[in-house]
Amino acid sequence: MTDTTRHAEGLDIVTAVGHANAERIEFRGHDLVDDLMGVVGYSELLLLAVTGRSPRPEHVRVADAVLVCLADHGMQPSALSARLTYFSAPDAVQGALAAGILGAGSSLLGSMEQAGQLLDRIAVVVEGGAPEDEAVRGCVASVLSEGGKIPGFGHRLHRAGDPRAARLLRVARENNVASDQARRLELVGQSVGDRTGRTLHVNATGAAAALLLGIGVPWQLHRGFSVASRIVGLLAHIGEEMTNPVTPAVRDALRSASWLVEDE
């Protein structure tokens, strides 16, 4: 890959992401206007941005599936946060979007990061020479012995299995992507089941983590993908709040719950 790094004169600041002057804008070594605008889609641009190289078509299809997968899941806390914030400050849509994505943590959306980290940890052990099933059992045992939960499995709503996960893994198979990661994800579920006697189903964030690792996205950036996906749904909720607000009803309920009743 061509070295597109630039140094700022007088400062120890280096970037290989983007550069610009009065006539030209460059992004990852490509002319933004002539090479990218109207030529590549957003998912392709996103992969180019985070990996530094032009992605293969099958990788773009997988990234598309991941980004579509997490766009919305109903009136979740992130959506309600965005709507309440917009109602209070309609002049700052960016603030409402920010309020929604700030809730991307270990319980919602952010679990994709932990699942990716676990799969990456297993891969490191396998690369060190351990048999795959042994590596999986060891990493699972380590997480459970520390009192942690295995990320990427289970769902409060989709208790019989997350339909999004099944679809994501199917997309991976159809595009011959992330076979190692998907297999290890399945082995993680089997290992936990052997230890606990419970059947665990892969959820959307677990499957998404496997796919992203398979197309070269490091686990440290997985939460960013979940945010890039959910921002679509948040924008839709904000648009709906403009014409059909839920905030007045929420505010009335909160006032009722916190109303001070005088002693008789």
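In this text, all values refer to a predicted model and were calculated from it rather than measured experimentally.

Caption draft 1: Seen up close, the overall build of the protein. A count of helices and strands for the protein gives twelve helices and five strands. Counting only C-alpha atoms, the protein reaches 75 × 65 × 40 Å along its principal axes. Per-residue burial over the protein gives 39% buried out of 264 residues. Across the protein, contacts joining residues at least 24 apart in sequence account for 69% of those joining residues at least 6 apart. Working note: accessible area of the protein is about 15100 Å², and carbon and sulfur atoms make up 54% of it. The averaged location of the 31 negative side-chain charges in the protein is 7 Å from the averaged location of its 24 positive side-chain charges.

Caption draft 2: Highlighting unusual backbone geometry. A positive phi angle, close to 50°, is found at Arg 28, a residue other than glycine. Position of Arg 28 relative to the elements: it lies in the loop between strand 4 (25-27) and strand 5 (30-31). Among the residues examined, Arg 28 registers a relative accessible area of 22% and is labelled partly exposed. Backbone geometry places Asn 176, a non-glycine residue, at a positive phi of 55°.

Caption draft 3: Looking closely at the side chain of Ser 191. Along the chain, the position of Ser 191 falls in helix 9 (residues 179-196). Looking at Ser 191, the relative accessible area reads 6%, which means it is buried. The contacts of Ser 191, once residues within four sequence positions are left out, are Val 136, Arg 137 and Val 140.

Caption draft 4: Seen up close, the environment of Arg 230. One can find Arg 230 in helix 11 (residues 222-243). Taking the C-alpha atoms as reference, Arg 230 lies 8.7 Å from Val 68; in sequence the two are 162 residues apart. Once residues within four sequence positions are removed from consideration, Arg 230 is found in contact with Leu 70, Ala 71, Asp 72, His 73, Ser 78 and Leu 109.

Caption draft 5: Main features of the nonpolar core. Counting residues in each nonpolar core, the largest one holds 49 residues, and the members touching the most others are Ile 150, Leu 168, Val 188, Ile 215 and Phe 225. Elements that contribute at least two residues to this core include exactly helix 2 (42-51), helix 3 (57-69), helix 6 (111-127), helix 7 (132-145), helix 8 (163-174), helix 9 and helix 10 (204-214). Top element by residues in this core is helix 10. It accounts for eight residues. Other than its neighbours up to four places away in sequence, Leu 168 contacts Ala 65, Val 66, Cys 69, Ala 204, Ala 207, Ala 208 and Leu 211.

Caption draft 6: The sheet that holds strand 5, seen in detail. The sheet built from three strands is open, its strands ordered 3-4-5 with antiparallel pairing. Single-partner strands in this sheet number two, and they are strand 3 (18-20) and strand 5. Sheet topology note: the strand 4/strand 5 ladder contains two bridges and is antiparallel. If you follow Glu 26 over to strand 5, its bridge partner there is Asp 31.

Caption draft 7: Highlighting the environment of Leu 109. By secondary structure assignment, the location of Leu 109 is in the loop between helix 5 (93-101) and helix 6. In this structure Leu 109 comes out as buried when scored by relative accessible area, which is 11%. C-alpha separation for the pair Leu 109 and Arg 223, spaced 114 residues apart in sequence, amounts to 7.0 Å.

Caption draft 8: Just the packing of helix 8 against helix 10, in detail. Where helix 8 contacts helix 10, the axes come no closer than 8 Å and their chain directions differ by 15°. Accordingly, the angle class assigned to the pair helix 8 and helix 10 is roughly parallel. Considering only the axes of helix 8 and helix 10, their crossing is left-handed. Residues Arg 164, Ala 165, Leu 168, Leu 169 and Ala 172 of helix 8 form the contact with helix 10, whose own contacting residues are Ala 204, Ala 207, Ala 208 and Leu 211.

Caption draft 9: A look at the pattern of salt bridges. According to the stated counting rule, one finds twelve salt bridges in the structure shown. Between Glu 132 and Arg 184 there is a salt bridge, with the nearest N and O atoms lying 2.6 Å from each other. Taken as a pair, Glu 132 in helix 7 and Arg 184 in helix 9 lie far apart in primary sequence, 52 residues in all. In terms of burial, Glu 132 and Arg 184 fall into one category: buried. A network of salt bridges, in which partner residues are shared, links Glu 132, Asp 180, Arg 183 and Arg 184.

Caption draft 10: Spotlight on the side chain of Ser 226. For Ser 226, the location among the structural elements is in helix 11. Residue Ser 226 is classed as buried on the basis of its relative accessible area of 0%. At 2.6 Å, the side chain of Ser 226 and the backbone oxygen of Arg 223 are in polar contact. When near neighbours in sequence (up to four residues on either side) are disregarded, Ser 226 contacts Leu 70, Leu 109 and Met 112.

Cut-off values and rules
- Residues numbered from 1 in each chain as written.
- Predicted model: local features only at pLDDT ≥ 70, side-chain atom pairs only at ≥ 80, totals over all residues.
- Heavy atoms only, no water.
- Helix = DSSP H or I, 4+ residues; strand = E, 2+ residues; numbered from the N terminus.
- Buried < 20%, exposed > 50% of the residue type's maximum accessible area, 1.4 Å probe, protein only.
- Contact = heavy atoms within 4.5 Å.
- Areas by Shrake-Rupley, 256 points an atom, 1.4 Å probe, with all protein chains shown as cover.
- Lys, Arg positive; Asp, Glu negative; His and termini not counted.
- Charge placed at Lys NZ, Arg CZ, Asp CG, Glu CD.
- Core = buried A, V, L, I, M, F, W, Y, C linked by side-chain atoms within 4.5 Å.
- Pairing = 2+ DSSP bridges.
- Axes fitted to C-alpha atoms, helices over the stretch in contact; angles between N-to-C directions.
- Parallel < 35°, antiparallel > 145°, perpendicular 65-115°, else oblique.
- Left-handed = near helix turned anticlockwise from the far one by under 90°.
- Salt bridge = Lys/Arg side-chain N within 4 Å of Asp/Glu carboxyl O.
- Polar contact = N/O pair within 3.5 Å; in protein donor to acceptor, adjacent residues only side chain to side chain.

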